Amino acid sequence: MSLPAVLLAAGSSPSPSPSESDTATVPTLQDAQESAAHTASWVEQNWSTWLAIGLKVLLVVVIAVVLRKVVLRAITKFIDRMNRTAESAEGTTLGGLLVNAERRRQRSQAIGSVLRSVASFLILGTAALMVLSSFQIDLAPLLASAGVAGVAIGFGARNLVTDFLSGVFMILEDQYGVGDSIDSGVASGEVVEVGLRVTKLRGASGEIWYVRNGEIKRIGNLSQGWATAGVDVTVRANEDLDKVRATLDEVAEKMTKEEPWNEVLWSPIEVLGLDSVLIDSMVVRVSAKTMPGKALTVERELRWRIKRAFDAAHIRIVGGETAVLLDEETPDRTAGVAAPAVFADSDSPQVAATAPIASPRSATAGK
């Protein structure tokens, strides 16, 4: 076969060229027109639905934001009113003694924080669920999952939830505050900080106690209302009771009129009478109502004054209820007690019976 014949045969066979393949994949003008027509018709059919969903979402968001702002502003005004009430109470005599500015401020801040958090969670959470429902999203699985997760978290963190709820009610009920001296059962001391989960106490030795609010089963507040200062004075049984009462009344009257005890004492110091009578001593009880937290200070000052007054009046204070007081001229009570008659004579059979028995070895060694 000649070369022209081979070239002719090769040219007659169909072979795809790059230009032909490219022109096959390019859409025509008619295809573009059809696609645009379909898109326009789809948009025309659904634009009203989109517009309704968008307006609904926008309305929900706007209402949620406005409602949250109004509620938070109302809570802020409520807290400010509480503070103004506390400030007005501080102007009175009793209010200045019972109201603690720092305590009121911390309590109002805690209450405001809790209320703001709860309000924001409820409003924004409800708005989020309404937005999701606007997009035709089934909320049943989401709510079921949230319920299961809430139950699991509740069982796993029940102590945390208990501490939080206990702290909220303690603050709302004003059971104690900063500066109060309390006995919480597990620890006692002065309240340094009140939190929603933990209460911080400073003990008598300066230590800091961190007490979980859920562990506090009962609280003894020593800084609310009034306190009682009580002193027991133990004297000899042969003391003159009229003289003892007169001396105590003089000490009480003088202390009540002096500064600063006339402000600390909220009632006159009273001699209640004999608290107990023993063979060699008797106890006289002295009591008074004082400002909260000042009972120990009043008791110390009262003991100091009673001791000085009794020394001046030659009244002896006994150290304890079972103290034995013997004067120098009192004879020894054991001096007149004789020895048992049986053992008084060294040659008596009883003394001989108590002598050790000699062993046979010792007797043989003597021989």
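Note that this is a predicted model, so its numbers are computed, not measured. (Residues numbered from 1 in each chain as written. Predicted model: local features only at pLDDT ≥ 70, side-chain atom pairs only at ≥ 80, totals over all residues. Heavy atoms only, no water.)

## What about the nonpolar core?
Next, step 1: Counting 27 residues, the largest nonpolar core has L248, I269, V298, L302, I306 and F310 as the members making the most contacts within it.
Next, step 2: Listed by contribution, the elements that provide at least two residues to this core are β6 (227–236), α8 (241–257), α9 (261–264), β8 (281–290) and α10 (295–312).
Next, step 3: No other element matches the six residues that α10 contributes to this core.
Next, step 4: If you look at the next biggest cluster of nonpolar residues, it comprises 16 residues, including A119, I171, V191 and V194. (Core = buried A, V, L, I, M, F, W, Y, C linked by side-chain atoms within 4.5 Å. Buried < 20%, exposed > 50% of the residue type's maximum accessible area, 1.4 Å probe, protein only. Helix = DSSP H or I, 4+ residues; strand = E, 2+ residues; numbered from the N terminus.)

## Thoughts on the side chain of E299
Next, step 1: Residue placement: E299 occurs in helix α10.
Next, step 2: Take E299: its relative accessible area is 14%, and that puts it in the buried class.
Next, step 3: Each residue touching E299, except ones within four places of it in the same chain, is listed here: T228, A229, G230 and V231. (Contact = heavy atoms within 4.5 Å.)

## Brief notes about the sheet that holds strand β5 (residues 220–221)
Next, step 1: The strand order across the open sheet formed by five strands is β4-β3-β2-β1-β5, and the pairing between neighbours is antiparallel. Only two strands of the sheet have a single partner each, and these edge strands are β4 (208–212) and β5.
Next, step 2: Across four bridges, the pairing between strand β2 (residues 188–194) and strand β3 (residues 198–202) is antiparallel. Looking at β3, one finds that V191 is bridged to L201. (Pairing = 2+ DSSP bridges.)

## Some points on α10
Along an α-helix, residues three or four apart share an orientation, since each turn contains 3.6 residues.
Next, step 1: With 18 residues, α10 should cover 26 Å at 1.5 Å per step; its first-to-last C-alpha distance of 26 Å lies within 8% of that length.
Next, step 2: Where α10 terminates, the next one or two residues include H314, which has phi positive at roughly 60 degrees. (Expected span 1.5 Å × (residues − 1).)

## Looking at a nonpolar patch on the surface
Next, step 1: A surface patch of nonpolar side chains, about 450 Å² in accessible area, is lined by V161, F164, L165, F169 and L172.
Next, step 2: Among the structural elements, V161 can be located in helix α7 (residues 158–172).
Next, step 3: When its relative accessible area of 41% is taken as the criterion, V161 is described as partly exposed. (Patch = residues over 30% accessible without salt bridge, like charges linked within 9 Å, V, L, I, M, F, W, Y side chains within 5 Å. Areas by Shrake-Rupley, 256 points an atom, 1.4 Å probe, with all protein chains shown as cover. Salt bridge = Lys/Arg side-chain N within 4 Å of Asp/Glu carboxyl O.)

## Overview of unusual backbone geometry
Next, step 1: A cis amide bond, omega -5 degrees, links E259 with the succeeding residue P260.
Next, step 2: If you check the backbone angles, H314 has positive phi at about 60 degrees while not being a glycine.
Next, step 3: Relative to the assigned elements, H314 resides in the loop between α10 and α11 (341–344).
Next, step 4: By relative accessible area, H314 is classed as exposed at 69%.

## Observations concerning a positive patch on the surface
Next, step 1: On the surface, K69, R73, K77, R81 and R84 cluster together into a patch of positive charge.
Next, step 2: As for its position among the elements, K69 is in helix α3 (residues 29–90). (Lys, Arg positive; Asp, Glu negative; His and termini not counted. Charge placed at Lys NZ, Arg CZ, Asp CG, Glu CD.)

## Observations concerning the pattern of salt bridges
Next, step 1: Summed over the entire model, instances satisfying the criterion amount to 11 salt bridges.
Next, step 2: For the salt bridge of K200 with E193, the shortest nitrogen-to-oxygen distance reads 3.3 Å.
Next, step 3: For E193, a relative accessible area of 38% gives the class partly exposed.
Next, step 4: A salt bridge links D232 to R285; its shortest N-O distance comes to 2.7 Å.

## What about the sheet that holds β8?
Adjacent strands of a sheet pair through backbone hydrogen bonds, lying either parallel or antiparallel.
Next, step 1: One open sheet accounts for three strands, arranged β6-β8-β7; its pairing is antiparallel. At either end of the open sheet lies a strand with only one pairing partner, and these are β6 and β7 (270–277). Each strand axis lies, on average, 25 degrees off the axis of its neighbour in the sheet, ignoring direction.
Next, step 2: Direction of pairing for β7 relative to β8: antiparallel, over a ladder of six bridges. Bridge pairing links V277 to M282 in β8. (Axes fitted to C-alpha atoms, helices over the stretch in contact; angles between N-to-C directions.)

## A few points about the pairing of β3
Next, step 1: Side chains of β3 alternate between two faces, with T199 and L201 buried and V198, K200 and R202 left unburied.
Next, step 2: The antiparallel hairpin formed by β2 and β3 contains three residues in its connecting segment.
Next, step 3: In this sheet, β4 lies alongside β3 in antiparallel orientation, the contact comprising five bridges. Along β4, the bridge assignment pairs V198 with R212.

## A closer look at the packing of α8 against α10
Next, step 1: In contact at an axis separation of 10 Å, α8 and α10 are set at 130 degrees when each is read in the N-to-C sense. The orientation of α8 relative to α10 falls into the category oblique. With respect to the hand of their crossing, α8 and α10 are arranged in right-handed fashion. Across the interface between the two elements, V244, T247, L248, V251, K254 and M255 from α8 touch V298, E301, L302, R305, I306, A309 and F310 from α10. (Parallel < 35°, antiparallel > 145°, perpendicular 65-115°, else oblique. Left-handed = near helix turned anticlockwise from the far one by under 90°.)

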